[in-house]
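# Structural overview
The lines below spell out each chain.
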2 protein chains.
Amino acid sequence: MQDDIEQELKYRAARFDDYLEELMAQWEMHARLKESISHTLLAGGKRIRPILTMLICDMLEGNLGAARTYGAALEFIHTYSLIHDDLPAMDDDEMRRGKKCNHLIFGEGMAVLAGDALQSMAFEMIGEIDLPAETRMELVDLLAGAAGPGGMVGGQVMDLEAEDRKVDLEELKRIHAAKTGQLFRAAILGGVLCSEHSREEWKILDDFSRNLGLTFQIVDDILDVVGDEEKLGKEVGQDEAREKSTYPSLLGLEESRRRAEEAASRAREALGHFGDRARTLIELVDFIERRQH
Amino acid sequence: MQDDIEQELKYRAARFDDYLEELMAQWEMHARLKESISHTLLAGGKRIRPILTMLICDMLEGNLGAARTYGAALEFIHTYSLIHDDLPAMDDDEMRRGKKCNHLIFGEGMAVLAGDALQSMAFEMIGEIDLPAETRMELVDLLAGAAGPGGMVGGQVMDLEAEDRKVDLEELKRIHAAKTGQLFRAAILGGVLCSEHSREEWKILDDFSRNLGLTFQIVDDILDVVGDEEKLGKEVGQDEAREKSTYPSLLGLEESRRRAEEAASRAREALGHFGDRARTLIELVDFIERRQH
């Protein structure tokens with residue numbers, strides 16, 4: 001079953017890659033900027049956020065075309081954060097998605113601008129969504145809030161400020177919730193907004209998003225300790241080299257694994273509400289819990 | 001009269017500064033991020049873009065509260081572009097709005113994140129505007145398009161790629177139209193969207209925005225040659241030091257002045273349609289044409 005879902009996710013990621021490639025082919029912009037954006041955007045990646053949006057939308061029998069377009073906006077935001085995060089002034093990384101980092105190929109100036117462009121493009125994409133303006137505006141609010149100072153960027157600032165000092169578990173949780181959790185939330189609730197839904201379903205899936213984001217992040221921390229560089233497409237041991245506080249460094253590997261398991265269980269429980277319709281999503285939770293990359 | 005409009009603009013900028021200060025005071029975010037953003041955002045500046053939005057909206061008897069909120073979004077985008085533009089990998093500047101550049105005080109990593117946060121905040125602001133979702137969504141489309149690869153960022157890429165080589169007048173015009181012109185357009189047409197308007201008024205004011213943006217940029221280039229550093233709040237002679245092509249370097253000062261005059265005349269002509277209601281806007285055109293900073 002783990003194999004099945006892995007195949008399913010690969011297939012979905014490949015189809016989404018095709019869609020992103022089409023989008024970029026049609027998007028008129030400066031040739032070098034397009035190259036720089038495409039270098040990181042079209043370098044594969046798990047596409048876990050847009051796939052989540054689409055699976056949620058599928059489960060709720062919503063507008064899948066809308067979910068896909070919104071998924072591109074999510075992936076633009078996620079990719080911009082990777083490009084900026086890899087800059088020398090930030091994490092100073094060399095490899096990303098199995099390729100040299102953007103700034104190492106296109107220069108730092110272009111990497112800054114490619115990230116900036118991707119953030120604008122995310123909001124341009126929402127304008128393209130085939131849903132009433134009221135709903136599109138809710139998607140803008142959701143995504144801008146998740147990306148901004150109360151979300152992803154806020155988490156990156158906390159992360160930057162926590163460099164070279166130990167943080168405790170509470171602070172680590174806050175950093176993760178902002179840096180990673182908010183964009184997972186925007187993925188999942190974006191799928192909800194693309195569908196008819198009750199207030200109860202919104203609440204359940206908001207709760208689901210919290211636990212799935214937590215699972216993802218703990219596993220990410222674990223993989224930086226025990227992962228395989230080739231599968232990950234980036235260097236491992238980076239957190240330790242930077243003396244960064246992580247789940248394994250604060251709790252040890254075993255307790256970290258236990259917490260990932262616990263969060264994954266809660267995520268699966270939340271999905272219980274949807275019965276058999278949540279089958280693929282439950283397999284996705286299993287996959288995120290046990291992933292090797 | 002030039003003095004009157006200067007006073008009027010100063011008064012309006014000061015009131016808008018108060019509004020931005022209030023916004024920042026209420027915005028919950030990481031303390032250091034808030035400091036970094038505030039350093040550049042609240043360092044004064046002419047606030048020409050939000051003032052334009054409000055003057056247009058005033059002329060069309062639109063929703064002034066909405067125009068002010070949208071004006072904050074514009075100023076967020078403009079400020080993010082200044083912070084990123086000053087980075088060592090881009091223009092490598094030292095002074096901005098009369099103060100040390102953001103990255104020199106807060107570090108490059110934080111300057112990148114402050115700019116990133118401001119861009120998200122711009123779209124968060126649009127969610128706050130007291131207008132129907134349909135109109136807010138039009139404002140999102142307008143602003144994202146003006147900021148993204150087809151607008152401001154696209155212009156900055158062209159600018160970056162044109163470093164260390166001569167560009168001709170046609171290319172310079174394209175760079176300016178994208179880098180500066182599009183955000184002027186978003187300011188002016190944003191004011192139109194906050195008001196009841198006819199298609200004809202939209203077209204006239206779109207035309208007005210093109211000529212006003214051009215006037216502004218030619219004068220900007222001229223001021224980099226003949227301006228007063230203290231009044232400008234930044235170093236002059238930077239373009240020449242970088243061997244950057246500008247209006248004065250391509251056409252000489254006299255011809256540049258003539259072209260600024262011509263563009264300003266066209267901008268004033270477009271306003272003729274609105275008769276006496278355009279009085280302040282016409283004075284603003286005069287001011288932009290003759291400004292010393």
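All values reported here derive from a predicted model rather than from experimental measurement.

This part covers the overall build of chain A. A tally of helices and strands in chain A yields 14 helices and two strands. Relative to the globule expectation of 19 Å for 293 residues, the C-alpha radius of gyration of chain A, 18 Å, shows essentially globular dimensions. Principal-axis analysis of the C-alpha atoms places the extent of chain A at approximately 50 × 45 × 35 Å. Looking at chain A as a whole, 52% of its 293 residues qualify as buried. Of the contacts made within chain A by residues no fewer than 6 positions apart, 71% connect residues no fewer than 24 positions apart.

Screw-axis analysis of chain A against chain B gives a translation of 0.0 Å along the axis, an RMSD of 0.0 Å, and a rotation angle of 180°. On this basis, the relationship between the two copies can be described by a two-fold rotation axis. A shared interface surface links the copies, since 100% of the contact residues of chain A are contact residues in chain B too.

Grouped together as the largest cluster of nonpolar side chains are 180 residues, with contacts concentrated most on Leu 143 of chain A together with Leu 143 of chain B. Apart from residues no more than four positions distant in its own chain, Leu 143 of chain B is found in contact with Ala 73, Ile 77, Ala 122, Ile 126 and Ala 186 of chain B.

All names here are of chain A. Closest axis-to-axis distance for the helix 10 (residues 199-226)/helix 13 (residues 247-271) pair is 8 Å, and the angle between their directions is 150°. Put simply, helix 10 runs roughly antiparallel to helix 13. For the element pair helix 10 and helix 13, the recorded crossing hand is left-handed.

On the side of chain B, 42 residues touch chain A, which itself brings 42 residues to the contact. If you list the elements that add at least two residues to the side of chain A that touches chain B, you get helix 2 (31-41), helix 6 (108-127), helix 7 (133-147) and helix 8 (152-161) of chain A. The class makeup of the residues in the side of chain A that touches chain B is 22 nonpolar, 11 polar and nine charged.

So, on to the environment of Ala 14 of chain A. Residues and elements named next belong to chain A. Locating Ala 14 in the fold gives a position in helix 1 (residues 2-26). For Ala 14, a count of 12 C-beta atoms within 10 Å puts it in the exposed group. Residues Ala 14 and Gly 45, spaced 31 residues apart in sequence, show a C-alpha to C-alpha distance of 9.6 Å.

Calculation criteria
Residues numbered from 1 in each chain as written. Chains lettered and ligands numbered in written order. Predicted model: local features only at pLDDT ≥ 70, side-chain atom pairs only at ≥ 80, totals over all residues. Helix = DSSP H or I, 4+ residues; strand = E, 2+ residues; numbered from the N terminus. Rg over C-alpha atoms; globule rule 2.2 N^0.38 Å. Buried ≥ 20, exposed ≤ 12 C-beta atoms within 10 Å, placed from the backbone. Contact = placed C-beta atoms within 7 Å. Least-squares fit on C-alpha atoms with pLDDT ≥ 70 in both. Core = buried A, V, L, I, M, F, W, Y, C linked by C-beta atoms within 7 Å. Axes fitted to C-alpha atoms, helices over the stretch in contact; angles between N-to-C directions. Parallel < 35°, antiparallel > 145°, perpendicular 65-115°, else oblique. Left-handed = near helix turned anticlockwise from the far one by under 90°. Nonpolar A, V, L, I, M, F, W, Y, C, P; charged D, E, K, R; others polar.

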